[in-house]
Amino acid sequence: MQAILQTGDGYAPTSTGPLIDNAADWLEFATVPLPDVGEGQALIHIRRAAVNPSDIHFIKGEYGQPRLHGQVAGFEGCGDVVVGPKSLIGQRVAFVAGPGAWAEYVTVDAATCIPLHPAISDNDATGQIVNPLTARAMMGMAADAGDAVIITAATSQLGKLMIAMGRDMGVKTIAVVRREVDLGADVMLNTQSPDFIANAKAALSVLKPRMMLDAVCEQASETLFTLMPNRARWVSYGKLSNDAPHLTQMGQLIFLGKRIEGFWLTQWFRDTSPADKMAAITDVQTRFADGRWTTDVAAELRLDQVVDGLATAIRKPDGKTIIVVR
Ligand SMILES: NC(=O)c1ccc[n+]([C@@H]2O[C@H](COP(=O)([O-])OP(=O)(O)OC[C@H]3O[C@@H](n4cnc5c(N)ncnc54)[C@H](OP(=O)(O)O)[C@@H]3O)[C@@H](O)[C@H]2O)c1
């Protein structure tokens, strides 16, 4: 089968963010044997695979698990089960691989395959697990924390999903961006505007958000955190900026009860009961099937175009890069 293999191994000592200048530094296009199918596994003939920031962090050795030289890249996609439990054969499913999605075929634990509602398009199905479940889990945390939430990198797919969810849940969204764009949030704050701090002070003093869901983690995030009310939580769930922000008001952790913490979907999977996971997956599918959520696609690449085209494709604004396998 055709596949995109990682050329790196283990972890890298760098922290350079989810962009690359040349994918050939990290990846190669190859023809390899189909993966073996073990007991309890399913072989999936892949239709499309997602390109998420985590995939780029990972191929560079900067993610929460080590690379294996020669292993297929890519964590997420959708396709049709061709070998596995009888009940799954022929079903179109969403999957998360550990990795292995940037190829024609992948094997995954059959129990983790998510059969797809027919109304969900292949593009929506491709990113059906990682971002939607993260959005849902974090907006649940935000609703428990208060009436308003700060969402950074709000132009990201996750940002858009969370803003849409905020509207449904009655949680006011303060969207932080680095370019002028209308996302339908209650408040927009542009970190590049000369009025950023004044606008932030004005909005935060009225809406009093007790949670910031932050995928950027730059100095502007720290500034927002210092302007948030007592008991505010800064939840770091991504590192889109290469900035190493410094903390300017440590006393707020002591006297105002503020907290800095992380969120990782992998940990959420470990901590969440099967029933709650099933409820989340069903809700995600319903949102895509009825059109409340949708996936904006900025670029499509075939497998044989990934090594040459990935660096340019992932710089395109306003949508995801998707690998169209067939
Ligand atoms: N912790 C978890 O479990 C978990 C799970 C899923 C995703 N994530 C994280 O969630 C984040 C969003 O993922 P996604 O797939 O939704 O992203 P995406 O759709 O690929 O969008 C990336 C976005 O990042 C913005 N961006 C990139 N560098 C930036 C910077 N230095 N400062 C400000 N904005 C920047 C871009 O803004 P412009 O439009 O202005 O270019 C773009 O909107 C990523 O950090 C990802 O790793 C974490």
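Here, the structure is the one placed above.
Just so you know, these numbers come straight off a predicted model, no measurement behind them.

Helix and strand counts for the chain come out as ten helices and 15 strands. The C-alpha atoms of the chain give a radius of gyration of 20 Å, which matches the 20 Å a tight globule of 326 residues would have. Its C-alpha atoms give the chain principal-axis dimensions of roughly 60 × 40 × 35 Å. Considering the chain as a whole, with its 326 residues, one finds that 51% of them fall into the buried category. Long-range pairs, those at least 24 residues apart, make up 67% of the contacts in the chain between residues at least 6 apart in sequence. Of the roughly 14,500 Å² of accessible surface on the chain, 52% is carried by carbon and sulfur atoms. Of the charged side chains in the chain, 29 are positive and 35 negative, and the gap between their average positions amounts to 5 Å.

What follows concerns the layout of surface pockets. What the second largest pocket holds in volume is close to 170 Å³. Forming the walls of the second largest pocket are Gln-157, Lys-160, Leu-161, Ile-163, Ala-164, Arg-167, Leu-183, Gly-291, Arg-292, Trp-293, Thr-294 and Asp-296.

The grouping of Val-37, Val-82 and Val-83 at the surface amounts to a nonpolar patch, some 190 Å² of accessible area in total. Mapped onto the elements of the fold, Val-83 is located in strand β4 (residues 76-83).

Attention now moves to the environment of Pro-66. Note that Pro-66 resides in the loop between α1 (53-59) and β4. Exposure remark for Pro-66: the relative accessible area of 41% places this residue in the partly exposed category. Residues Pro-66 and Tyr-11 lie 55 residues apart in sequence; the distance between their C-alpha atoms is 5.3 Å. Non-local contacts of Pro-66, meaning those with residues more than four positions away in its chain, are made with Gly-10, Tyr-11 and Phe-58.

To continue, consider the side chain of Asp-80. With respect to the element layout, Asp-80 can be found in strand β4. By relative accessible area, which is 13% here, Asp-80 ends up buried. A polar side-chain atom of Asp-80 sits 2.9 Å from a polar atom in the side chain of Arg-47. Ignoring any residue separated from it by four or fewer positions in sequence, one finds Asp-80 in contact with Leu-43, Ile-44, His-45, Arg-47, Gln-91, Arg-92 and Arg-326.

The next thing to look at is the packing of aromatic side chains. Scanning all chains against the criterion turns up seven aromatic pairs. Ring geometry for Tyr-63 versus Trp-264: centroids 6.1 Å apart, planes at 80 degrees, classification edge-to-face. In this pair, Tyr-63 sits in the loop between α1 and β4 while Trp-264 sits in the loop between β13 (259-262) and α8 (265-271), placing the two residues 201 residues apart along the sequence. Take Tyr-63: its relative accessible area is 22%, and that puts it in the partly exposed class. When the ring of Trp-268 is compared with that of Phe-269, the centres are 5.4 Å apart and the planes differ by 75 degrees; the resulting orientation is edge-to-face. Taking relative accessible area as the criterion, Trp-268 reaches 15% and is therefore assigned buried. Residue classification places Phe-269 among the partly exposed residues on the basis of a relative accessible area of 29%. Clustering of aromatic rings is evident, with ring pairs tying together Phe-58, Tyr-63, Phe-75 and Trp-264. When the ring centre of Trp-293 is taken as origin, the NZ or CZ atom of Arg-287, which lies over that ring, is 5.1 Å away.

Here we take up the site of the ligand. Thr-155, Arg-178, Arg-179, Leu-265 and Lys-320 are the nearest of the 21 residues found near the ligand. Taking Leu-158, its main chain carries an N or O atom lying 2.8 Å from an oxygen atom of the ligand. Within the side chain of Arg-179, one N or O atom sits 2.8 Å away from an oxygen atom of the ligand. If the ligand stood free it would expose 940 Å²; the protein chains cover 84% of that surface. Elements with a minimum of two residues in the shell around the ligand: α3 (130-145) and α4 (157-169). Here the element with the most residues in the shell around the ligand is α3; it accounts for three residues. In terms of residue class, the shell around the ligand is built from ten nonpolar, eight polar and three charged.

Strand order across the open sheet formed by six strands is β10-β9-β8-β11-β12-β13, with parallel pairing between neighbours. Both outer strands of the open sheet, β10 (187-190) and β13, are each paired with one neighbouring strand and no more. Averaged over all pairs of adjacent strands, the angle between their axes in this sheet comes to 20 degrees, without regard to strand direction. Sheet analysis places strand β8 (residues 148-151) next to strand β9 (residues 172-177), joined by four bridges and oriented parallel. Pairing of Ala-148 across the sheet is with Lys-172, part of β9. Strands β8, β9 and β11 (211-214) of the sheet are contacted by α4, whose axis makes an angle of about 160 degrees with β9. Packed onto the sheet, helix α5 (residues 196-207) meets β8, β9 and β10 and runs at close to 150 degrees relative to β10.

Rules and cut-offs
- Residues numbered from 1 in each chain as written.
- Predicted model: local features only at pLDDT ≥ 70, side-chain atom pairs only at ≥ 80, totals over all residues.
- Heavy atoms only, no water.
- Helix = DSSP H or I, 4+ residues; strand = E, 2+ residues; numbered from the N terminus.
- Rg over C-alpha atoms; globule rule 2.2 N^0.38 Å.
- Buried < 20%, exposed > 50% of the residue type's maximum accessible area, 1.4 Å probe, protein only.
- Contact = heavy atoms within 4.5 Å.
- Areas by Shrake-Rupley, 256 points an atom, 1.4 Å probe, with all protein chains shown as cover.
- Lys, Arg positive; Asp, Glu negative; His and termini not counted.
- Charge placed at Lys NZ, Arg CZ, Asp CG, Glu CD.
- 1 Å grid on protein atoms, 1.4 Å probe; cavity = no way out; pocket = protein on both sides within 12 Å on 5 of 7 lines; lining within 4 Å.
- Points joined across faces, edges and corners; volume = space filled by probe spheres on them.
- Patch = residues over 30% accessible without salt bridge, like charges linked within 9 Å, V, L, I, M, F, W, Y side chains within 5 Å.
- Salt bridge = Lys/Arg side-chain N within 4 Å of Asp/Glu carboxyl O.
- Polar contact = N/O pair within 3.5 Å; in protein donor to acceptor, adjacent residues only side chain to side chain.
- Phe/Tyr/Trp six-rings, centres within 6.5 Å; stacked < 30°, edge-to-face > 60°.
- Lys NZ or Arg CZ within 6 Å of the ring centre and 35° of its normal.
- Near = heavy atom within 4 Å.
- Nonpolar A, V, L, I, M, F, W, Y, C, P; charged D, E, K, R; others polar.
- Pairing = 2+ DSSP bridges.
- Axes fitted to C-alpha atoms, helices over the stretch in contact; angles between N-to-C directions.

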